[in-house]
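Single-letter residue listing:
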Amino acid sequence: MPEAQTATQARKRVLLIEDESAIRIVVTEILRHEGFEVIEASAGQVGIRTAVAREPDIILLDWVLPDISGLDVCREIRRQGVLCPILMLTGRSSKVDMVVGLEVGADDYITKPFDARELTARLRAHLRRSEGTPTASRREGLLVVGGIQVDIESRRVRIGEEEVQLTMTEFNLLALLAANAGRVLTRAQLLEKVWGYLADVDYHSVDPHMQRLRRKLHSNESARVALEAVPGLGYRLTPLA
Ligand code: CA
């Protein structure tokens, strides 16, 4: 295969939804320089349409947009079935805002102003997580817990005959819990393994993801599992008899 073609295939597509043109220009410049393909959207509605139509590998989403809020954009993108990582860009840094963002389906947030290195490091960390595991584990790549099948290779989850739609973060959390079924994983362990870093992150930012994962699992009658929060410790996925 020619090298140019390989490079094109490996190039990751970032959708940047940001109304401030100065920030858009700078971020686009940084990301293109780092080898990303960048699609720009300058408002919320066009951002939603672009997310659905262009299938980006990752989305950078500004919190404050002129037509609808970044939160509503995030919620709508998820509702339309887009599962790629979503990183919120926010000028605010309070924990409340962050938790609200995570509750509507964002995977992470970056507080403005950020530097180029931090931005690209975060993007790469999320893209690595969403890429799946090496082909060597193909045969062992299926985890089954209480009627839930977690296919690490194809990143698909089935409960009985039904496929469950999970975000990247929900999938990674479930895979980790399923691989450790019956054991408690602390929030620190989950953050470290799933997010890949611990800096300035509130441990409880795991909680909204867990709540949504639990709702998705428990709403299916064929799932014979309990996804429990263990007070003072963390989370545990237990198969039920
Ligand atoms: Ca803005």
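Look above for the structure.
Procedures and definitions
- Residues numbered from 1 in each chain as written.
- Predicted model: local features only at pLDDT ≥ 70, side-chain atom pairs only at ≥ 80, totals over all residues.
- Heavy atoms only, no water.
- Helix = DSSP H or I, 4+ residues; strand = E, 2+ residues; numbered from the N terminus.
- Buried < 20%, exposed > 50% of the residue type's maximum accessible area, 1.4 Å probe, protein only.
- Contact = heavy atoms within 4.5 Å.
- Areas by Shrake-Rupley, 256 points an atom, 1.4 Å probe, with all protein chains shown as cover.
- Donors = N, O, S within 2.8 Å, 3.2 Å for Na, K, Ca; no water.
- Disulfide = S-S within 2.5 Å.
- Pairing = 2+ DSSP bridges.
- Axes fitted to C-alpha atoms, helices over the stretch in contact; angles between N-to-C directions.
- Expected span 1.5 Å × (residues − 1).

1. Considering the overall build of the chain
(1) Moving on: Each helix and strand in the chain was counted, giving nine helices and 12 strands.
(2) Moving on: Counting only residues that meet the buried cut, the chain has 48% of its 241 residues in that class.
(3) Moving on: Here the analysis covers contacts within the chain between residues at least 6 apart in sequence; of these, 58% occur between residues at least 24 apart.
(4) Moving on: Roughly 12,100 Å² of accessible area belongs to the chain as shown, and the carbon and sulfur atoms make up 51% of that amount.

2. Details of the coordination of the calcium ion
Each angle at a metal carrying four tetrahedral donors should ideally be 109.5 degrees, and each at a metal carrying six octahedral donors should ideally be 90 or 180 degrees.
(1) Moving on: The calcium ion binds to the protein through Asp-19 (OD), Glu-20 (OE), Asp-62 (OD) and Val-64 (O), with metal-donor distances spanning 2.0 to 3.1 Å.
(2) Moving on: Donor residues for the calcium ion, ordered by position in the chain, follow D-E-x41-D-x1-V. Here Glu-20 is found in the loop between strand S1 (13-17) and helix H2 (21-33), whereas its partner Val-64 is found in the loop between strand S3 (58-62) and helix H4 (70-79), with 44 residues between them in sequence.
(3) Moving on: Glu-20 gets classed as partly exposed once you look at its relative accessible area, which sits at 39%.
(4) Moving on: Overall, the relative accessible area of 48% leaves Val-64 in the partly exposed class.

3. Points about the state of the cysteines
(1) Moving on: Throughout the structure, instances matching the rule amount to zero disulfides.
(2) Moving on: Cys-74 takes part in no disulfide bond, and the closest cysteine sulfur, belonging to Cys-84, lies 9.8 Å away.

4. Thoughts on unusual backbone geometry
(1) Moving on: For the peptide bond that leads from Lys-112 to Pro-113, omega is 0 degrees, which places it in the cis range.
(2) Moving on: Topologically, Pro-113 is positioned in the loop between strand S5 (108-111) and helix H6 (116-130).
(3) Moving on: Of note, Glu-55 is a non-glycine position whose phi angle comes to about 45 degrees, a positive value.
(4) Moving on: In this fold, Glu-55 is placed in the loop between helix H3 (44-54) and S3.

5. Thoughts on the environment of Ile-68
(1) Moving on: By the secondary structure assignment, Ile-68 is in the loop between S3 and H4.
(2) Moving on: Note on Ile-68: relative accessible area 22%, which makes it partly exposed.
(3) Moving on: Those residues in contact with Ile-68 that sit more than four places away from it in its chain are Gly-44, Gln-45, Ile-48 and Val-73.

6. Overview of the sheet that holds strand S12 (residues 234-239)
(1) Moving on: Pairing is antiparallel in the open sheet, where three strands are placed in the order S10-S12-S11. In this open sheet, the two edge strands, each paired with only one partner strand, are strand S10 (185-186) and strand S11 (225-230).
(2) Moving on: Where S11 meets S12, six bridges bridge the pair, whose relative direction is antiparallel. Bridge pairing in S12 links Glu-228 to Arg-236.
(3) Moving on: In the packing of helix H7 (residues 168-179) onto the sheet, contacts are made with S10, S11 and S12, and the angle to S12 comes to roughly 65 degrees.
(4) Moving on: The strands touched by helix H9 (residues 206-218) are S11 and S12; relative to S11, the strand with the most contacts, the crossing angle is about 160 degrees.

7. Here we look at H9
(1) Moving on: With 13 residues, H9 should cover 18 Å at 1.5 Å per step; its first-to-last C-alpha distance of 18 Å lies within 8% of that length.
(2) Moving on: When we look at burial in H9, the residues that qualify are Val-206, Asp-207, Pro-208, His-209, Met-210, Arg-212, Leu-213 and Leu-217.

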